[in-house]
Structures are given as structure tokens and as C-alpha cells.
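Fold and contact review
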Amino acid sequence: MMDIAANIASIRQRIGAACRRAGRCPAEVRLIAVSKVKPAEQIDAAFASGQQLFGESYVQEFRDKSSAVKSPVEWHFLGGLQSNKVKYLRGRVAMIHSVDRISLAEEISRQWQKIDQPINVLLQVNIGEEKQKSGCLLGNLETLVRTVAELPRIQICGLMCLPPHADDAEEVRPYFRRMRDLAGEIKQLQLPGVSMAELSMGMSGDFEVAVEEGATLVRVGTAIFGERIKKG
Ligand SMILES: *Cc1c(COP(=O)(O)O)cnc(C)c1O
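Calculation rules
Residues numbered from 1 in each chain as written. Predicted model: local features only at pLDDT ≥ 70, side-chain atom pairs only at ≥ 80, totals over all residues. Heavy atoms only, no water. Near = heavy atom within 4 Å. Polar contact = N/O pair within 3.5 Å; in protein donor to acceptor, adjacent residues only side chain to side chain. 1 Å grid on protein atoms, 1.4 Å probe; cavity = no way out; pocket = protein on both sides within 12 Å on 5 of 7 lines; lining within 4 Å. Sits in = over half its atoms within 2 Å of the grid points. Nonpolar A, V, L, I, M, F, W, Y, C, P; charged D, E, K, R; others polar. Buried < 20%, exposed > 50% of the residue type's maximum accessible area, 1.4 Å probe, protein only. Helix = DSSP H or I, 4+ residues; strand = E, 2+ residues; numbered from the N terminus. Contact = heavy atoms within 4.5 Å.

**Details of the site of the ligand**
Close to the ligand lie Val34, Lys36, Ser57, Leu78, Met160, Met203, Ser204, Arg219, Val220, Gly221, Thr222 and Arg228, which account for all nearby residues. Separating a nitrogen atom of the ligand from a side-chain N or O atom of Arg219 is a distance of 2.8 Å. Gly221 is positioned such that a nitrogen or oxygen atom in its backbone is 2.8 Å from an oxygen atom of the ligand. With respect to the detected pockets, the ligand is housed in the largest pocket. Among the residues forming the shell around the ligand, the class breakdown is 5 nonpolar, 4 polar and 3 charged.

Structure (C-alpha cells):
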């Protein structure tokens, strides 16, 4: 049996240490417990140990599980998203991290207009410009920002990335640094309603490096809940 509470405590300590190394305040960094593929009971257990924020990546699974979780958790949606499934997230998530194209943003805007509520989103950047990966390419980012910023009910809060895989977290550092620079460049455009306060980056293998480079949201799954059985 995984000791979820102990894992979370240890990750929080490591985030704190990374903040001290970088001269940052630990309160600037929020830990998202990525609970995809894990049962509702483990989410309730993590909540009982003080973890409030959870991330999910599959719409169908999220629909089923969010009804089964008893604790008043805050949900973020992290995964690849088809426009026709956005309606299942409506009103149930506080933030969507994976907005990488205009058509998807338009559908999110449409759905949240129906409930007359704002939705916080991050723009996902394909920072390694990898062929098979989702995320906006760097050359399209400014157009995406400008277009999404005009849509009703959508609030752009920052950027998210899934950098190229590397066994050594140090190899990922330049991508995290580039993300921070990109956020700075967008901020300089001073677009109304666009904030670059959030940088969602860092997972189990590299969250400390991400924190050192400015992450404000780290998404940690395996290091909290243990290995996942791969989904189809
Ligand atoms: C699964 C997932 C994570 C967590 O990955 P771990 O390596 O298990 O920490 C983070 N971000 C996204 C988008 C994911 O899909």
C-alpha cells in the first residue's frame, strides 16, 4: 500500500527546497496531484492529508470519478481534449491546461457561456516542437493568445508544457526556461484580460527543476500515487 500522505509531504518538502535554491516563495507553487487511473478512494485519502488540488487527463474517467469522490476537491483538466467532449467538463473543473487551438477554445467559451461562468485556461505549448505531441507550435502562439483573449468567458492565466522526455531532468531545464521567457514575451504584449501568472510545468521526474525555473503549478502523479497501469 502506498503511503499517499507521506509521499505528498515529501514532495512538498522538495518543492520547498527547490524554492529556497531559486529564491522563490513556496506559496507561489501549487501542487496538482495527478490522479488519472487512480480510484476515488485514493483521492479522498489524499484530500484527508491536506491535498486539495487534483488533475485528470481523460474525460470519460473524470466524469465517472468526479461524482464518486466525496471530498470538495478542486479539479484541473490536463489532458488532450476533443471539442465534442468539452461539455462534460462544463462547470466541473476550475482550470483547463490543454488549450492548444482556436476551435477548442471556441467550444470551451461556448460551453461556459451557457452557465454564465468564467473558465480559467492555460495555453499548451509544444515547447520541443515534437511532431506527435499536442500543444501550440511556437510560431502560432501569439495568434492563439490574441484570438482566445477575445472569446467571452475565457480567462487566459498562463502557459503549460509537456517537454520532450529525458531521463536526466537537467536536460529539460532549457525547455522550462524557454517557457518562462515565452510567458514574459506574451506579458509584454499587454493584452487586456491576458495574465501570464501561471506556468504549469514539471512532473514526477523533473518538478524540482521546473520549480527552479519558475513553475507555479507542478503536476505530479506517479510520485504520489505510484505507477500507473498504462491505458490503451
Ligand atoms: C500524467 C500526467 C502528469 C503526471 O505525470 P507523472 O510522471 O506521473 O508525475 C502530468 N501532466 C500531464 C499532462 C499528465 O497527463
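**Structural notes on helix H2 (residues 40–48)**
Of all the positions in H2, only Ala40, Gln42, Ile43, Asp44 and Ala46 are classed as buried. Buried positions along H2 lie against helix H1 (4–22), strand E2 (53–56), helix H3 (59–68), strand E3 (74–77) and helix H8 (222–225).

**Notes on the side chain of His76**
On the secondary structure map, His76 appears in strand E3. Owing to a relative accessible area of 1%, His76 belongs among the buried residues under this scheme. With residues near it in sequence (within four places) discarded, His76 still touches Arg30, Ile32, Leu53, Phe54, Gly55, Glu56, Ala94, Met95, His97 and Leu217.

These results come straight from atomic positions and should not be treated as a statement about function.
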